[in-house]
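Now for the letters of each chain:
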Amino acid sequence: MDKLKYERELNVKGFKYVCGVDEVGRGPLAGPVVCAAVIMPVDDIIDGVDDSKKLTPKKRVCLAEKIKEKAIAYAICRVEAQVIDKINILEATKLCMKNAIESLGVKPDFVLVDGNMTIDIVVPQQSVIKGDYYSYSIGAASIIAKVCRDNIMDEYAAVYPDYAFEENKGYGTKKHIEGIISAGLCPIHRRSFTKKWQSR
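So, how was this worked out
Residues numbered from 1 in each chain as written. Predicted model: local features only at pLDDT ≥ 70, side-chain atom pairs only at ≥ 80, totals over all residues. Heavy atoms only, no water. Helix = DSSP H or I, 4+ residues; strand = E, 2+ residues; numbered from the N terminus. Rg over C-alpha atoms; globule rule 2.2 N^0.38 Å. Buried < 20%, exposed > 50% of the residue type's maximum accessible area, 1.4 Å probe, protein only. Contact = heavy atoms within 4.5 Å. Areas by Shrake-Rupley, 256 points an atom, 1.4 Å probe, with all protein chains shown as cover. Lys, Arg positive; Asp, Glu negative; His and termini not counted. Charge placed at Lys NZ, Arg CZ, Asp CG, Glu CD. Axes fitted to C-alpha atoms, helices over the stretch in contact; angles between N-to-C directions. Parallel < 35°, antiparallel > 145°, perpendicular 65-115°, else oblique. Left-handed = near helix turned anticlockwise from the far one by under 90°. Nonpolar A, V, L, I, M, F, W, Y, C, P; charged D, E, K, R; others polar. Expected span 1.5 Å × (residues − 1). Arc of directions from axis to C-beta. Salt bridge = Lys/Arg side-chain N within 4 Å of Asp/Glu carboxyl O. Phe/Tyr/Trp six-rings, centres within 6.5 Å; stacked < 30°, edge-to-face > 60°. Lys NZ or Arg CZ within 6 Å of the ring centre and 35° of its normal.

**Remarks on the overall build of the protein chain**
No. 1: Secondary structure assignment for the protein chain yields eight helices and five strands.
No. 2: Shown N-terminal to C-terminal, the secondary structure of the protein chain runs as helices and strands in the order α-β-β-α-β-α-α-β-β-α-α-α-α.
No. 3: Scaling as 2.2 N^0.38, a compact globule of 200 residues should have a C-alpha radius of gyration of about 16 Å, and the protein chain matches this with 17 Å.
No. 4: Looking at the protein chain as a whole, 51% of its 200 residues are labelled buried.
No. 5: Pairs at least 24 residues apart make up 65% of the contacts formed inside the protein chain by residues separated by at least 6 positions.
No. 6: Accessible surface, the protein chain as shown: approximately 9600 Å² in total, 52% of it carbon and sulfur.
No. 7: Placing the 30 positive and 27 negative side-chain charges of the protein chain at their respective mean positions leaves the two points 4 Å apart.

Here's what the structure looks like:
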């Protein structure tokens, strides 16, 4: 499969700087949503770039460093739990993607967006279902976003040790739920995701 299909087609149409954007962390009960925007060269491909969920943590970290080194431009942004609770996770994700795109050091002339979302940007865009699998640029974005968010949750694990964030990254695992039941909610929990435990 040609993971550069979208990028090459856009290059032929005259779009030089094609950006891929993806998010990590829409589903967890705690922590931020993290988005990355990446413009990758199409003539110097990194082997192994794929949907970040299909890669081992060690492989993701290795690829993330290579992506950052080779990227024409990249940016990573986060939106915290309090904002997610205020505007909802979908709007928070769109805001995070928009912020990442607008933070790029090189302005993209076309954006490939993972999923079926439309971002509030002036640059032309196209949604790509399962984009982290089908698009090289989106796959690269998914990897650096995932590594960034995992690191954030590892840091929170040291601050809030009751929830095993180092293992679950904020997702609702058995150990995480047990931590909520015994210790209550901590400041990085998404209140809109954890209503059933808020009386505890």
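Following the structure, the description resumes.
**Focus on the packing of helix 2 (residues 57–70) against helix 6 (residues 136–159)**
In a pair of packed helices, the angle between the axes and the distance between the axes together describe the arrangement.
No. 1: One can describe the packing of helix 2 onto helix 6 by two numbers: an axis separation of 9 Å at closest approach and a directional angle of 120 degrees. Compared by their axis directions, helix 2 and helix 6 come out oblique. You can see that helix 2 and helix 6 cross each other, and the crossing is left-handed. In this structure, helix 2 contributes Arg60, Val61, Leu63, Ala64, Ile67 and Lys68 to the contact, and helix 6 contributes Ala140, Ile143, Ile144, Lys146, Val147 and Asp150.
No. 2: Residue composition of the contact of helix 2 with helix 6, by class: eight nonpolar, no polar and four charged.

**What about helix 2?**
Because the α-helix completes a turn every 3.6 residues, residues three or four places apart line up on one side.
No. 1: Under the 1.5 Å per step criterion, the end-to-end length of helix 2 is 20 Å for 14 residues, consistent within 8% with the ideal 20 Å.
No. 2: Listed as buried for helix 2 are Arg60, Leu63, Ala64 and Ile67. Around the axis of helix 2, the buried residues are gathered within 110 degrees of arc, so they sit on the same side. Opposite the packed face of helix 2, turned more than 90 degrees from it, sit the exposed residues Lys58 and Glu69.
No. 3: Buried residues belonging to helix 2 abut strand 2 (33–39) and helix 6.

**Here we look at the pattern of salt bridges**
No. 1: Counted according to the given criterion, the structure contains eleven salt bridges.
No. 2: One salt bridge connects Asp150 with Lys146, and the closest N-O pair in it is separated by 3.2 Å. On the criterion of helical spacing, the pair formed by Asp150 and Lys146 is a turn pair, its members being four residues apart in helix 6.
No. 3: Through salt bridges with shared partners, a single ionic network connects Arg60, Lys146 and Asp150.

**Thoughts on the packing of aromatic side chains**
No. 1: In total, this model carries four aromatic pairs according to the counting rule given.
No. 2: Taking the centre distance of 6.2 Å and the plane angle of 35 degrees together, the rings of Tyr156 and Tyr160 count as tilted.
No. 3: Residue classification places Tyr156 among the buried positions, given a relative accessible area of 18%.
No. 4: The interplanar angle of 25 degrees and the centroid separation of 5.3 Å between the aromatic rings of Tyr163 and Phe165 together place this pair among those described as stacked. As far as burial versus exposure is concerned, Tyr163 and Phe165 are alike and both buried.
No. 5: The positively charged end of Lys5 is found above the aromatic ring belonging to Tyr6, 4.9 Å away from the centroid.
No. 6: One cation-aromatic arrangement involves Arg190 over Phe193; the distance from NZ or CZ to the ring centre is 5.0 Å.

**A word on helix 8 (residues 174–183)**
No. 1: Turning to helix 8, its buried residues number three or more, namely His176, Ile177, Gly179 and Ile180. Along helix 8, the residues classed as buried sweep out an arc of 155 degrees about the axis, all on the same side. Exposed residues on helix 8 whose side chains face more than 90 degrees from its buried face are Lys174 and Ser182.
No. 2: On its buried face, helix 8 sits against helix 7 (165–168).
No. 3: Just past helix 8, the residue Gly184 takes up positive phi, approximately 80 degrees.

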